[in-house]
Amino acid sequence: MQNKILIVYYSRKGENYWNGEIKNLAKGNTEAAAEIIAEATGGRLFEVETVKPYPADYYACTEAAKKELRDNARPELKSFVENMDGYSDIFVGYPNWWGTMPMAMFAFLGRYDMSGKRIMPFCTNEGSGMGNSERDLKKLCPGAKVERGLAIHGAEVSSSRAKIEEWLKSLGEAR
Ligand SMILES: Cc1cc2nc3c(=O)[nH]c(=O)nc-3n(C[C@H](O)[C@H](O)[C@H](O)COP(=O)(O)O)c2cc1C
């Protein structure tokens, strides 16, 4: 039987730092990357959303996110995946926020027993790459196999299709 693939991601629309300037993005960078992965693998997309939105203003958002990281907060989420047991191969996508995943991803993943699952992280960023996120994922999901992640420069997602597909092939996940 084919492995069941889930692509779970957090992505923030609105004002973002994009190639050195503030831009208003209709679609988040990570969401764009998640969609490419869904197309290439046939996996199911699931967006993690917080009940309380982050400030639209970029700098206000960075301050809110910094406080959440400092407090090790678990923001309330709108919904969860009900049948996580049905998925063996899980792509986890997020922007790099202060060197790791947004706390919303900690809140999401912390809800499940991910042992025995294959986790494949991808992280859009403005220069910090994966940061500490792979290490943090391993801590958060004991017993899961966390593969080497893919870091993508946020402004280059749309031109990174080949790079993403190459990564999927190296993981044996391209259909
Ligand atoms: C709160 C916040 C913190 C960020 N911290 C970092 C960082 O530490 N390193 C980095 O390279 N980029 C950082 N960025 C930039 C984002 O990682 C980058 O723009 C990403 O592609 C945004 O993805 P999204 O559009 O899916 O939300 C930060 C952005 C925000 C909003």
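Preceding this section is the structure that the text describes.
Residues numbered from 1 in each chain as written. Predicted model: local features only at pLDDT ≥ 70, side-chain atom pairs only at ≥ 80, totals over all residues.

K.L.:
I would appreciate a short explanation of the site of the ligand in the present structure.
P.N.:
Residues in contact with the ligand amount to 23 residues; listed here are only the nearest, Ser11, Gly28, Thr30, Pro95 and Gly154. The set of elements that each furnish at least two residues to the shell around the ligand consists of strand 2 (14–18), helix 1 (29–41), helix 2 (58–70) and strand 6 (118–125). Classifying every residue of the shell around the ligand by side-chain character gives seven nonpolar, 13 polar and three charged. (Near = placed C-beta within 6 Å. Helix = DSSP H or I, 4+ residues; strand = E, 2+ residues; numbered from the N terminus. Nonpolar A, V, L, I, M, F, W, Y, C, P; charged D, E, K, R; others polar.)

K.L.:
Teacher, can you tell me more about the nonpolar core here?
P.N.:
Soluble, globular proteins show a tendency: their nonpolar side chains are buried together. Formed by 42 residues in total, the largest nonpolar core has its most connected members in Ile7, Val8, Val92, Met105, Ile119 and Cys141. Contributing elements (two or more residues each) for this core: strand 1 (5–9), helix 1, strand 5 (89–95), helix 3 (103–109), strand 6, helix 4 (133–140), strand 8 (150–153) and helix 5 (161–171). It is helix 3 that contributes the most residues to this core, six residues altogether. Filtering out sequence-adjacent residues up to four positions away, Ile7 remains in contact with Ala34, Ile37, Ala38, Gly43, Arg44, Leu45, Phe46, Phe91 and Gly93. (Core = buried A, V, L, I, M, F, W, Y, C linked by C-beta atoms within 7 Å. Buried ≥ 20, exposed ≤ 12 C-beta atoms within 10 Å, placed from the backbone. Contact = placed C-beta atoms within 7 Å.)

K.L.:
What is the right way to read unusual backbone geometry from this model?
P.N.:
Glycine aside, negative phi is the norm for most residues, and most peptide bonds take the trans geometry. Even without glycine at this site, Asn72 takes up a positive phi of about 50°. By the secondary structure assignment, Asn72 is in the loop between helix 2 and strand 5. For Asn72, a count of 8 C-beta atoms within 10 Å corresponds to the exposed category. Phi at Trp98 is positive, roughly 55°, even though this residue is not glycine. Mapped onto the elements of the fold, Trp98 is located in the loop between strand 5 and helix 3. Residue classification places Trp98 among the partly exposed residues on the basis of 16 C-beta atoms within 10 Å.

K.L.:
Explanation requested: the pairing of strand 3 (residues 21–25) in the structure shown.
P.N.:
Sheet faces and side chains relate simply in a regular strand, where the side chains alternate between the two faces. Within strand 3, only zero of the five residues are buried, which leaves it mostly out in the open. Examined bridge by bridge, strand 2 and strand 3 share five bridges and lie antiparallel to one another. What sits directly across from Gly14, in strand 3, is Leu25. In textbook terms, the turn of a hairpin is the stretch between consecutive antiparallel strands, and for strand 2 and strand 3 this stretch comprises two residues, one of which, Asn19, has a positive phi near 55°. (Pairing = 2+ DSSP bridges.)

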